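Residue strings, one per chain:
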Amino acid sequence: MKEQSMTVSRNITKTVIYVLCIFLAVLSIFPFWVMFMNATRGTFEIQQHSVGLLPSTHLIDNMRILMGKTFDPLIGFKNSMLVSTGATFGAVYFSSLTGYALVAYSWKLRQPFFTFIMAVLMIPAQISGIGFYQFMYQINWVNSLWPLILPAVATPAMVFFMRQYLIATLSLDIVDSARIDGAGEFYTFNRIILPIMKPAMATQAIFTFVFHWNNLFIPLILLTDRSKYTMPIMVSLLRGDIYRTEYGSVYLGLSLTVLPLFIVYFMLSKYIIAGVALGALKE
Amino acid sequence: MLARTRTISYAKYGYLFSIPFVLTFLIFHLYPMIYTVVIGFTDLRGIGRTEINFLENPFENFRLIFNNATFRRAMNNTFLIWIMNFIPQMLVALLLTAWFTNRNLTVRGQGMFKVLFYMPNIITAATIAILFQSLFGYPKGPINDVFLTFGWIESPLNFHLQHWTARGVVAFIQFWMWYGHTMIILIAGVLGINPTLFEAAEIDGATATQIFFRITLPRLKTIVLYTLVTSMIGGMQMFDIPRMFLWGGPDNATLTATLFIYNQAFSGSYLYNRAAAASILLFLIIAVLSSILFFVMRDRGAEKLKRKQRQLKRSEKAARKGVVL
């Protein structure tokens, strides 16, 4: 009797759980679904019924209107790709190198240097925006993509992550045997250490790439030349007056900026979720 | 000769390999930070000016910003919107964590749910803000359509025109983008707890609720604190969503601190000195709030234990000394 009532209450709990989880899942999908569907619907259709759950036939028209104005997804894509790839490469490679320096060698300033990295880990980046802008203005780097790429070489949080990873996985015997074989230190790092660090580098690369792809603040203050716009700045054009009544085109423009992220996310979601979880455990 | 080769020092490579990081940090992070502080004490305003002078009263900019009603309003908004998003975010994440890690329930499809809940987090915030601006459109818009169809409202709501609905939508977007992230971190935290603790509790006949509140939650304290502090630091700098959603409107109701700084410097008035002063004030506020959180949430139990251990050691030492004497 008691057993039975327990199964009943457990089934009720489970039903509540599934209902809420499915509701939240729909909440995640719904905005993007409406966006993708409305990208194929005409302005008149959208004005009649703003929610269309099925695609319509106006994709080409919307595309023509969208591309006929200031919004250029190809330029945005190209610049975002340059910035994100460059920044990710710089951040991952040099954070690994710095992490390795902190683990493999014993030097006098090693501990102070690590303490320093821990101290600046949480300093918010946007705080120094004004000084950064003035500095870039003086060296004539406004409207250049370099100030969006180069600062990534110093990413304290990733150095910390790489250090922890190396401490957990690297045996210094490998380094010693490479030395006996006559390998130079830099060669050892590139040919022996980097391959060991691949899993950590891959996780960090995904998040760095997405971070730089989505970054708005610094590009917004630096880039005024439309040919240098990154994707998030390009998107802001859709908010302007020229697209005011072109609902279908606005949804299409938004869809185009989201599509690459969706593809990457659903291909790598397993690693991304695992990577987020890993971030919690490093504490 | 032999002795020298044996004691080759590799220490220089430690310095050598850190050079790129250190140089980049000094040039692109530390220098702009110091420069921002310096600008805060000067008369730097207007486009294209490079010559700057320190003010007669060095704290003039800070005084002006501190007494600026719009800055105060922006700080208020930032804090309000952060709280409005963080409390539900933490509660939902904790609830889902409790369910997903409950050993008696085995919720199916967890992998898929995690993927879907986390999804909004990696999408460009600028895009999401504009998307939601369209979704909450007035008088015709997807959300108004849905609400009317379900009969939740009688006439279309103009979400963009009222203070609290505008703030509410911004807070909702933040909640929606971040609860999945928080949930995954909390679940990872629970999986890191020694499973024998749960087994022992089950053998003792503890219910799932008791286990969650007596074992899981206390053990998660560090991770909850970590989430709280990172969320606060991020929340105080909230920029993308309010900027793209309604540009801080209506009537500055969604104007956040970083948006205020941006407006001071980059939307026509070029008040770089005021913007720099506001940045530094914001930084100090974030630093103070973080310290308060760390202090309030510090592990009192562990501290007590440490103090006791220290006392024990001291008395041991004293005892040993006594013996020697």
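Check the entry above for the structure.
All of these numbers come straight from a predicted model, not from anything done at the bench. (Residues numbered from 1 in each chain as written. Chains lettered and ligands numbered in written order. Predicted model: local features only at pLDDT ≥ 70, side-chain atom pairs only at ≥ 80, totals over all residues. Heavy atoms only, no water.)

Participant: How would you summarise the side chain of Lys14 of chain A if you had to cite specific residues and measurements?
Facilitator: Its place among the elements puts Lys14 of chain A in helix α1 (residues 2-38). For the buried Lys14 of chain A, which has no salt bridge, the nearest side chain bearing the opposite charge is Glu202 of chain B, at an N-O separation of 14 Å. Of the polar contacts made by the side chain of Lys14 of chain A, one reaches the backbone oxygen of Leu105 of chain B; its length is 2.9 Å. Those residues in contact with Lys14 of chain A, other than ones at most four positions away along the chain, are Leu105 and Thr106 of chain B. (Helix = DSSP H or I, 4+ residues; strand = E, 2+ residues; numbered from the N terminus. Buried < 20%, exposed > 50% of the residue type's maximum accessible area, 1.4 Å probe, protein only. Lys, Arg positive; Asp, Glu negative; His and termini not counted. Salt bridge = Lys/Arg side-chain N within 4 Å of Asp/Glu carboxyl O. Polar contact = N/O pair within 3.5 Å; in protein donor to acceptor, adjacent residues only side chain to side chain. Contact = heavy atoms within 4.5 Å.)

Participant: Hey, could you go over the interface of chain B and chain A for me, with residue numbers and the actual values?
Facilitator: Across the boundary between the two partners, chain B contributes 93 residues, which contact 95 residues of chain A. In terms of surface lost to chain A, no three residues of chain B exceed Phe17, Phe21 and Phe28 of chain B, which account for 10% of the buried area on that side. Joining chain B to chain A, the criterion identifies 0 salt bridges. Connecting chain B to chain A are 22 residue pairs in polar contact (both at pLDDT 80 or more). The element best represented in the side of chain B that touches chain A is helix α2 (residues 11-39) of chain B, accounting for 20 residues. (Buried area = accessible area lost by both parts, 1.4 Å probe.)

Participant: Got a sec to walk through the environment of Met35 of chain A? Specific residues and values, please.
Facilitator: Locating Met35 of chain A in the fold gives a position in helix α1. Using a relative accessible area of 0% as the deciding quantity, one classes Met35 of chain A as buried. On a C-alpha basis, the gap between Met35 of chain A and Pro124 of chain A in space is 33 Å, while along the polypeptide they are 89 residues apart. Look past the residues within four positions of Met35 of chain A in its chain and what remains in contact with it is Tyr251, Leu254, Ser255 and Val258 of chain A together with Leu131 of chain B.

Participant: An account of the packing of α2 of chain B against helix α14 (residues 272-297) of chain B is needed here, citing residue identities and associated values.
Facilitator: Residues and elements named next belong to chain B. It is at 7 Å that the axes of α2 and α14 come closest, and there the two elements cross at 115°. If you check the angle between α2 and α14, you find them roughly perpendicular. Crossing geometry of α2 relative to α14 is assigned as left-handed. Here α2 contributes Thr36, Val37 and Ile39 to the contact with α14, which in turn contributes Tyr272, Asn273, Ala276, Ser279 and Ile280. Residues of the contact of α2 with α14, tallied by class, amount to 5 nonpolar, 3 polar and no charged. (Axes fitted to C-alpha atoms, helices over the stretch in contact; angles between N-to-C directions. Parallel < 35°, antiparallel > 145°, perpendicular 65-115°, else oblique. Left-handed = near helix turned anticlockwise from the far one by under 90°. Nonpolar A, V, L, I, M, F, W, Y, C, P; charged D, E, K, R; others polar.)

Participant: Can you explain the environment of Thr124 of chain B? Please cite residues and give values.
Facilitator: Along the chain, Thr124 of chain B falls in the loop between α5 (110-118) and α6 (125-135). The buried category is assigned to Thr124 of chain B, whose relative accessible area is 3%. Taking the C-alpha atoms as reference points, Thr124 of chain B and Asp240 of chain B, separated by 116 residues in sequence, lie 9.1 Å from one another. Ignoring any residue separated from it by four or fewer positions in sequence, one finds Thr124 of chain B in contact with Trp213, Asn214, Pro232 and Leu261 of chain A.

Participant: Can you explain the nonpolar core? Please cite residues and give values.
Facilitator: Membership of the largest hydrophobic core comes to 148 residues, with the highest contact counts inside it found for Phe32 and Ile130 of chain A together with Phe100, Phe117 and Ile128 of chain B. Top contributing element to this core by residue count: helix α8 (residues 163-191) of chain B, with 16 residues. Split by domain, the residues of this core number at least three in each of domain 1 (2-66) and domain 2 (69-239) of chain A. Every residue in contact with Phe117 of chain B, bar those within four places of it in the chain, is listed here: Cys21, Leu24, Ala25 and Ser28 of chain A together with Leu96, Phe100, Tyr179, Gly180 and Met183 of chain B. (Core = buried A, V, L, I, M, F, W, Y, C linked by side-chain atoms within 4.5 Å. Domains from an automatic or database assignment.)

That is the geometry; function is a separate question.
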